[in-house]
Amino acid sequence: MTEHAPERAQERTQDRYNAREAEPKWQKTWAERGIFRTRNDDPRPKFFVMEMFPYPSGRIHIGHGRNYVMGDVLARYKRMQGFNVLHPMGWDAFGLPAENAAIERGIHPKSWTYENIASMREQLQLLGLSLDWNREIATCDPSYYVEQQRIFLDFLDNGLAYRKESEVNWDPVDNTVLANEQVIDGRGWRSGAIVERRKLSQWFLRITQFAQELLDAIDTLDRWPDKVRLMQRNWIGRSEGLEVLFEFAKGSLAAGKLPADTKAVKVYTTRPDTLFGASFLALSPDHPLAKHLAGTDGQLSAFIAECKRGGTSAEEIETQEKKGYATGLSVVHPLDATRTVPVYVANFVLMDYGTGAIFGCPAHDQRDFDFATKYGLAITPVVLPEGADPATFSVAEGPYDGDGTLFNSAFLDGMSVPEAKEAVARQLERFRVAGEPQGTRRVNFRLRDWGISRQRYWGCPIPVIHCDDCGPVGVPRDQLPVELPDDVTFDRPGNPLDRAKAWRDVPCPKCGKPARRETDTMDTFVDSSWYFLRYASDNVEKPLDKAAVSHWLPVDQYIGGIEHAILHLLYSRFFTRALKHCGRVDLEEPFAGLFTQGMIVHETYKDTEGKWLFPEEVKLLGNGKAVRISDGTPVTVSPPEKMSKSKRNVVAPEVVADTYGVDCARWFMLSDTPPERDSEWTQGGIEGAWRFVQRVWRLVNEAVELGAKPGAPRPATFGEQALGLRRAAHGLVATVAEDIERLRFNVAVAHVHEFANAFGSAIAAARSAPEVPEDLAFALREAAEMLTGVVAPMTPHLAEECWGVLGHGSLVAEASWPATEADLLRRDTVTLPIQINGKKRDDIVVPREATPAEVEAAVLALESVQRALDGRAPKRIIVVPQRIVNVVA
RNA sequence: GCGGGCGUGGCGGAACUGGUAGACGCAGCGGACUCAAAAUCCGCCGUCCUCACGGAUAUGUCGGUUCGAGUCCGACCGCCCGCACCA
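Note that the structure is predicted; figures quoted are calculated from it, not measured. (Residues numbered from 1 in each chain as written. Chains lettered and ligands numbered in written order. Predicted model: local features only at pLDDT ≥ 70, side-chain atom pairs only at ≥ 80, totals over all residues. Heavy atoms only, no water.)

**Student:** How do you make sense of the environment of Phe 718 when you look at a structure like this?
**Tutor:** Tracing the backbone shows Phe 718 in the loop between helix H23 (683-706) and helix H24 (720-741). For the pair Phe 718 and Asp 174, spaced 544 residues apart in the sequence, the C-alpha separation amounts to 81 Å. Beyond its immediate sequence surroundings of up to four residues, Phe 718 is in contact with Leu 723, Arg 726, Asp 775 and Phe 778. (Helix = DSSP H or I, 4+ residues; strand = E, 2+ residues; numbered from the N terminus. Contact = heavy atoms within 4.5 Å.)

So this is what it looks like as structure tokens:
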């Protein structure tokens, strides 16, 4: 250190970066100049980045900010790279909480929602996000949902929307339909009444029509996380199998219990190869035949009722014992007319998958095994694992569901499982039962059609009028939107729309007779299934603009939580295809790139009475101990959890902005933890970010002070010191660009830190020189410019302030990403680690382009290598150019 | 039960496609500056042996492939996520 350095350093420390002043100033400037407003006619290449829009629940905490900040970094970076960036924001504004607020606090859902939007918008703006607020949308706004109603009518016209009976959770005390999450332990969350299953006629969207397409196209989504793709594949759940008709045995037909036209029952199986192992047939309790039989069989009727009572929760289903009821009927084995198989009604057979009936092969299926064991049915193995002895092979311990060779199976004996499947299919396709092929190949999907009816007020009205004569009639398009009536009450349970007579009772659009509006509203997942298409249009008159959609879509980078991996993303994919089917867009996949970010978690604190405490009420003492600030009583510290209001482990963005500045919060959220993982918010972390923000400010100021003036000529040659700094700076620009492109923000941050260390040393060296040489002066200014440019997407306010210090009159938000020189990114020499028998023993510096032979010669000359070889010739030398050398002694 | 993922210092984590394990940060320790503190700057920081030079060992455990394994393969242990009787 030099003598004059300290005073200068001190002088500098007086000059702190003042985020509190700078941040509002730049936010105002950006807004005034409208620099984030996106135009559709901009000729530059487009880039569409968006984060999943929030539900306007009230206030946000800092944990909500992470994905917006990540998207913002990408948006700002891409702008600097010369793209016309679309980065919009909106509100997923319909939904149950607004109605609950109305019930609990008497606030109208509309005012509750719009007030929340206003305060959350303010909070988001505080984060300095580069959003085009001109394209802001709220799904509860008629200007938004009018188009959704048009889409619904298009779906109706194209057979993609239809009505069918479907079960809902019915609260018999509140007389209302409950969402699944409102059913707790089989009881209504508010009334505590035991929930019933009740059938209602509801609207469905035919997503299953696209099941195969949606499955196939997953392969093309190469910028989606594998995990999400896998979850979607499993959800769609394709299986290939065979539908098989089992004819009733003569005695069963004669018994008079069956309907007159019923000669056979159809089952679905993916294991036709195991047909010879069949020992029973089971019908779902909801199967029409089971219901028919129950008409004359009181015990069966009681059994079916018992099955219905069972809960629907995962645990209940898992622990539920397999139960069946023997109907006394039997069917003939399709491949062996001499055998018959008893028919049961069984609680584990689902009506809405396959045909609602199965054949049971206990030796090769766990469920069938459990069932057969309980009812003493035969368990005949028909697939022999490789290497097993047919004489001794036993499934007494449990079923075998692996590959093998068929045995005990007549003409299938000796075949492999796939061969046997094929042979059975071919055989049964030839056989006829009542004029039909006995076997039909069939692909099944687990995916079900999407029920969108919700018996709720605060949702998009379904634009349909029910007429006694004409049935459901779509509201004519020129009468859209069907707006929600404001004049409703929430003092009674049930859907207020049912009671809004003035709104509800309208003439039929077809025949003019008195009719009534559909009072169900749409699932809020519908709202979010096309909002990304709405953003493309900057025109309110054309909310879904085919040309604009073709221009902007697909979304280049979509960022959101993993909790939407299946439903929201699958529904959006379906919507896009369905809209294409209706001729509304030319697009199949809406999201080219998907990123699922982790949550922000925080420790939780409890006082001595077990009450949750806010972080600001707690003083941490280190060593895991803490006390309450107000009275010094001990506080229990528990491991980090997702930030939530109820546990009070939240940090308000305003407080962070006020104490440290928003850029610190942004920097911290990007640091250390990989973005897809959960990240812990800590005091130490935010303070570290604060120190670094100050450090960047100091480095830039010092470099400006010591460096060349703006526009100074580029020296013809650079000395070692200047060259070293230039290499570091140019390298930084290149590596951070790559890090941001790959959304590896934590690595980008590390690289900036690394550069700051090198930059600091260069500045110290310049300071200690009697006079700063011209080449170093140039390099210092260049490095300061580059550092400012590189941090601009991450800490945009700080960067604007630095940009000013550097003497620019423009905005860094509108500047270009710093240009690098290829020469500086390439090294002329490389340092190769030298291994002897795989252990690193030495280093060697060689020209970058050195041939393996040259490297080998140089390595053999090394003293360390000579010593290790001890006069012997090496067995082998592996030279990996520009990487490593391994000498095998 | 089925499917998938992950185990690296006190902590968060880095390590491109099999090529120097522990970048960078946090915490900690030591030092400089200061009357003092804060801020800042410098140094140390996996474990063991050694005054040191240096060496041994080390990415959950065990084994394998390879000149070379955190990375690939197999088995096991632990944790996390998704699905829920889908025939």
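**Student:** Looking at this structure, I do not really get the packing of aromatic side chains. What am I missing?
**Tutor:** Any two aromatic rings considered together are summarised by their centre-to-centre distance and by the angle between their planes. In total, this model carries 41 aromatic pairs according to the counting rule given. Between the aromatic rings of Phe 94 and Tyr 145, the centroid separation amounts to 5.7 Å while the plane-to-plane angle is 35°, which identifies the pairing as tilted. Taken as a pair, Phe 94 in the loop between strand S3 (90-91) and helix H4 (96-105) and Tyr 145 in helix H6 (residues 142-157) lie far apart in primary sequence, 51 residues in all. Using a relative accessible area of 1% as the deciding quantity, one classes Phe 94 as buried. Take Tyr 145: its relative accessible area is 2%, and that puts it in the buried class. Positioned above the aromatic ring of Trp 30 is the side chain of Arg 76, whose terminal nitrogen or guanidinium carbon lies 4.4 Å from the ring centre. Seen from the ring of Phe 204, Lys 164 lies directly overhead, with NZ or CZ sitting 4.6 Å from the centre. (Phe/Tyr/Trp six-rings, centres within 6.5 Å; stacked < 30°, edge-to-face > 60°. Buried < 20%, exposed > 50% of the residue type's maximum accessible area, 1.4 Å probe, protein only. Lys NZ or Arg CZ within 6 Å of the ring centre and 35° of its normal.)

**Student:** Sorry, what's going on with the side chain of Thr 355 here?
**Tutor:** Tracing the backbone shows Thr 355 in the loop between strand S14 (336-346) and strand S15 (357-360). Within polar-contact distance, the side chain of Thr 355 engages the backbone oxygen of Lys 266 at 2.7 Å. Side-chain polar atoms of Thr 355 contact the backbone nitrogen of Tyr 268, separated by 3.4 Å. Ignoring sequence-local partners within four residues, the contact set of Thr 355 consists of Glu 243, Lys 266, Val 267, Tyr 268 and His 287. (Polar contact = N/O pair within 3.5 Å; in protein donor to acceptor, adjacent residues only side chain to side chain.)

**Student:** I would appreciate a short explanation of H24 in the present structure.
**Tutor:** Two residues of an α-helix separated by three or four positions point the same way, owing to the 3.6 residues in each turn. Between its first and last C-alpha atoms H24 spans 31 Å; for 22 residues at 1.5 Å apiece the expected length is 32 Å, and the two agree. For H24, the full list of buried residues reads Ala 722, Leu 725, Arg 726, Arg 727, Ala 729, His 730, Leu 732, Val 733, Val 736, Ala 737, Asp 739 and Ile 740. Directly beyond the C-terminal end of H24, a positive phi value near 60° is found at Leu 743. (Expected span 1.5 Å × (residues − 1).)

**Student:** What is the right way to read the pattern of salt bridges from this model?
**Tutor:** Pairs can form between side chains of opposite charge whenever their charged atoms are close. If you walk through the whole model with that rule in mind, you get 53 salt bridges. Measuring nitrogen to oxygen at the nearest pair gives 3.3 Å for the salt bridge that ties Asp 157 to Arg 477. Note that Asp 157 is positioned in helix H6 and Arg 477 in the loop between strand S24 (471-474) and helix H15 (496-499), a separation of 320 residues in sequence. Taking the relative accessible area as the measure of exposure, Arg 477 reaches 40% and is therefore partly exposed. We note a salt bridge from Arg 367 to Asp 365, for which the minimum N-O separation is 2.7 Å. By sharing partners, the salt bridges in this structure join Glu 147, Arg 150, Asp 154, Asp 157, Arg 477 and Arg 584 into a single network. (Salt bridge = Lys/Arg side-chain N within 4 Å of Asp/Glu carboxyl O.)

**Student:** Just to check I follow, could you spell out the nonpolar core for this structure?
**Tutor:** A general tendency of soluble globular proteins is for nonpolar side chains to be buried together. Counting residues in hydrophobic clusters, the biggest one holds 184 residues, and the most contacted among them are Trp 681 and Phe 759. Tallying contributions element by element places H23 first for this core, with 11 residues. Beyond its immediate chain neighbours, meaning those up to four positions away, Trp 681 contacts Ile 62, Ile 600, Val 601, His 602, Met 643, Val 651, Val 656, Ala 665, Phe 668, Met 669 and Ile 686. Of all hydrophobic cores here, the second largest spans 50 residues; its members include Leu 289, Tyr 325, Val 349 and Ala 372. (Core = buried A, V, L, I, M, F, W, Y, C linked by side-chain atoms within 4.5 Å.)

**Student:** Honestly, the sheet that holds S24 in this entry has me stumped. Any pointers?
**Tutor:** In sheet architecture, strand pairing relies on hydrogen bonds along the backbone and comes in two forms, parallel and antiparallel. The strand order across the open sheet formed by 4 strands is S24-S23-S26-S25, and the pairing between neighbours is antiparallel. Across the chains shown, the open sheet's two edge strands, defined by having one partner strand only, are S24 and strand S25 (505-507). Strand after strand, the sheet turns through a mean of 40° between neighbouring axes, direction not considered. (Pairing = 2+ DSSP bridges. Axes fitted to C-alpha atoms, helices over the stretch in contact; angles between N-to-C directions.)

**Student:** Help me understand the environment of Lys 840 in this model?
**Tutor:** Relative to the helices and strands, Lys 840 is located in strand S37 (residues 839-847). Setting aside chain neighbours within four positions, we find Lys 840 in contact with Pro 833, Ile 834 and Gln 835.

**Student:** How should I be thinking about the sheet that holds strand S2 (residues 84-86) in this particular structure?
**Tutor:** Spatially, 4 strands are ordered S2-S1-S28-S29 in an open sheet, and the strand pairing comes out parallel. The sheet is open, and its two edges are formed by S2 and strand S29 (594-597), each paired on a single side. Taken over all neighbouring pairs, the strand axes of this sheet differ in orientation by 20° on average, direction set aside. Sheet topology places strand S28 (residues 557-561) next to S29; 4 bridges connect them, and they run parallel. By the bridge assignment, Gly 560 is partnered in S29 with Thr 596.

**Student:** How do you make sense of unusual backbone geometry when you look at a structure like this?
**Tutor:** Note on backbone geometry: most residues besides glycine have negative phi, and most peptide bonds are trans. Omega for the peptide link from Leu 480 to Pro 481 comes to 0°, which places this bond in the cis form. Relative to the helices and strands, Pro 481 is located in the loop between S24 and H15. The amide bond that connects Leu 553 to the next residue, Pro 554, takes the cis arrangement and shows omega of 0°. Within the chain, Ala 434 stands out as a residue other than glycine whose phi angle is a positive 50°. Along the chain, Ala 434 turns up in the loop between strand S18 (432-433) and strand S19 (436-437). We note that Arg 648 has phi near 60°; this positive angle belongs to a residue other than glycine. Mapped onto the secondary structure, Arg 648 falls in the loop between strand S34 (634-642) and helix H21 (653-659). Overall, Arg 648 belongs to the partly exposed group, its relative accessible area being 34%.

**Student:** I'm lost on the protein's contact with RNA strand B in this one. Help?
**Tutor:** Around RNA strand B, the structure places 48 residues, and the nearest of them are Thr 270, Arg 367, Arg 744, Arg 883 and Asn 886. Expressed as a percentage, the sugar and phosphate content of the atoms of RNA strand B within 4 Å of the protein is 62%. Here Leu 350 contributes a backbone N or O atom positioned 2.8 Å from a base nitrogen of RNA strand B. One of the side-chain N or O atoms of Asn 886 is found 2.6 Å from a base oxygen in RNA strand B. The residue makeup of the surface near RNA strand B, split by class, is 17 nonpolar, 11 polar and 20 charged. (Near = heavy atom within 4 Å. Nonpolar A, V, L, I, M, F, W, Y, C, P; charged D, E, K, R; others polar.)

**Student:** Please explain the confidence of the model for chain A as it appears in this structure.
**Tutor:** A low pLDDT means the predicted coordinates there should not be read in detail. Overall, the predicted model of chain A reaches an average pLDDT of 90, with 96% of residues at or above 70. Across residues 1-14, where pLDDT falls below 50, the model places 11 contacts with residues more than four positions away in sequence or in other chains. Note on the complex model: pTM 0.92, ipTM 0.95. (pLDDT = per-residue confidence, 0-100.)

**Student:** How should I be thinking about the pairing of strand S1 (residues 46-51) in this particular structure?
**Tutor:** Consecutive side chains along a regular strand alternate between the two faces of the sheet. Of all 6 residues that make up S1, 6 are buried, and the element is covered over most of its length. Burial along S1 is two-sided: the residues Lys 46, Phe 48 and Met 50 and Phe 47, Val 49 and Glu 51 are all buried. Inspection of the sheet shows S1 paired to S2 by 3 bridges, in the parallel sense. Looking at S2, one finds that Phe 48 is bridged to Leu 86. What joins S1 to S2 is helix H3 (residues 65-80), and the crossover it makes is right-handed. (Right-handed = clockwise from strand over helix to strand, strands pointing away.)

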